[in-house]
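Geometric and topological summary
Here are the chains, one letter per residue:
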Amino acid sequence: MALVGLFLLIQLGGLARSIQLSQITLTALSIPQPLLFASYIVWAGAFSWGLLSLLKGADYAKRRALWLIFGFLVYSTLRLGLFARAEYDRQRLPFLIVGGLTTLIILAIGYRLMRKYKKELLTYDSKPSN
């Protein structure tokens, strides 16, 4: 839940920053400002939706959060690959891919373990059998 909340805060910060960009900065960006603005709105809305699902305790909320994080990692990788101008930005691409996949694998394993142990806890019989 904290990770989805963190992603939400990052998107809201990016949205506020994209509104305050100066004309000089806008000409230096390779991604068009309307696209940047729209992407922050879409991702902030998606992470808000995921966070609300987690707070409500919906059964599908953890799976939804995993898919949201996966989608954001794919989006970030594609955006960096398509709009990066500097060599430094292009050199970050392999790190983003490896780091994102590692994070996703760890979250997926944690999700599977939680589901497994939740089932075991729910089916555990506390009465001794004779």
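Scroll up for the structure.
Sequence order as written defines the numbering, with residues in each chain counted from 1. Totals for whole chains, interfaces and linings use every residue, but because this is a predicted model, local features are given only for residues with pLDDT of at least 70 and side-chain atom pairs only at 80 or more, for both listing and counting. Note that water and hydrogens are dropped before the side-chain values are worked out from all heavy atoms of the structure.

**Points about the packing of helix H1 (residues 2-19) against helix H3 (residues 33-56)**
The N-to-C vectors of H1 and H3 enclose an angle of 155°; their axes lie 8 Å apart at closest approach. Of the possible angle classes, the one that applies to H1 and H3 is roughly antiparallel. Read as a crossing pair, H1 and H3 show a hand that is left-handed. An axis is simply a line fitted to the C-alpha atoms; with a helix, the fit covers only the stretch in contact. Between two such axes, the angle follows the N-to-C directions and lies from 0 to 180 degrees. Here a helix means four or more residues in a row that DSSP labels H or I, a strand means two or more in a row labelled E, and each is numbered from the N terminus. Throughout this description, any angle smaller than 35 degrees is read as roughly parallel, any larger than 145 degrees as roughly antiparallel, any in the 65 to 115 degree range as roughly perpendicular, and the remainder as oblique. Should the near helix be turned anticlockwise from the far one by less than a right angle, the crossing is left-handed, and should it be turned clockwise, the crossing is right-handed.

**Quick word on the packing of H3 against helix H4 (residues 61-83)**
The geometry of H3 relative to H4 is characterised by a closest axis approach of 9 Å and an angle of 165° between their N-to-C directions. Between H3 and H4, the angle falls in the class roughly antiparallel. In the crossing of H3 with H4, the sense of the turn from one axis to the other is left-handed. The segment H3 lies against H4, with Leu35, Leu36, Ser39, Tyr40, Trp43, Ala46, Phe47, Trp49, Gly50, Ser53 and Leu54 engaging Ala61, Lys62, Arg64, Ala65, Leu68, Gly71, Phe72, Tyr75, Arg79 and Phe83. Contacts between residues were defined by any pair of non-hydrogen atoms, one from each residue, lying within 4.5 Å.

**Considerations on the packing of aromatic side chains**
To describe a pair of aromatic rings, you give the distance between the ring centres and the angle between the ring planes. In this scheme Phe, Tyr and Trp rings, the latter by its six-membered ring, pair at centre separations within 6.5 Å, and the angle between planes marks the pair as stacked below 30 degrees, edge-to-face above 60, and tilted otherwise. Taken as a whole and assessed by the stated rule, the structure comprises six aromatic pairs. Ring centres of Trp43 and Phe72 lie 5.2 Å apart, and the angle between their planes is 80°; this geometry places the pair in the edge-to-face category. With a gap of 29 residues between them, Trp43 in helix H3 and Phe72 in helix H4 connect regions that are remote in the sequence. Each member of the pair Trp43 and Phe72 is classed as buried. Taken together, the ring pairs connect Trp43, Phe47, Phe72 and Tyr75 into an aromatic cluster. Only protein chains enter the area calculation, which uses a 1.4 Å probe; residues under 20% of their type maximum are buried, those over 50% are exposed, and those in between are partly exposed.

**Side note on H4**
What a helix is expected to span follows from its residue count: subtract one and scale by 1.5 Å. In this model H4 runs 32 Å from its N-terminal to its C-terminal C-alpha over 23 residues, within 8% of the 33 Å that 1.5 Å per residue would give. Restricting attention to buried positions, one finds in H4 the residues Ala61, Arg64, Ala65, Leu66, Leu68, Ile69, Phe72, Leu73, Ser76 and Leu80.

**Observations concerning the layout of surface pockets**
Its boundaries defined by the atoms lining it, the largest pocket holds a volume of some 740 Å³. Considering the residues around the largest pocket, the lining is formed by 30 residues, among which Tyr40, Ser76, Arg79, Leu80 and Arg92 are closest to the centre. Put simply, the parts of the chain that give the lining of the largest pocket at least two residues each are H1, H3, H4 and helix H5 (87-123). Amino acids outside the nonpolar list (Ala, Val, Leu, Ile, Met, Phe, Trp, Tyr, Cys, Pro) and the charged list (Asp, Glu, Lys, Arg) are all regarded as polar, and Gly is one of them. Its residues assigned to classes, the lining of the largest pocket shows 17 nonpolar, eight polar and five charged. Only protein atoms enter the 1 Å grid used here, on which a cavity is any set of points holding a 1.4 Å probe that cannot leave and a pocket is any open set flanked by protein within 12 Å on both sides along at least five of seven lines; residues with an atom within 4 Å of a point are listed as lining. Grid points are joined across faces, edges and corners, and a volume is the space filled by probe spheres set on the points.

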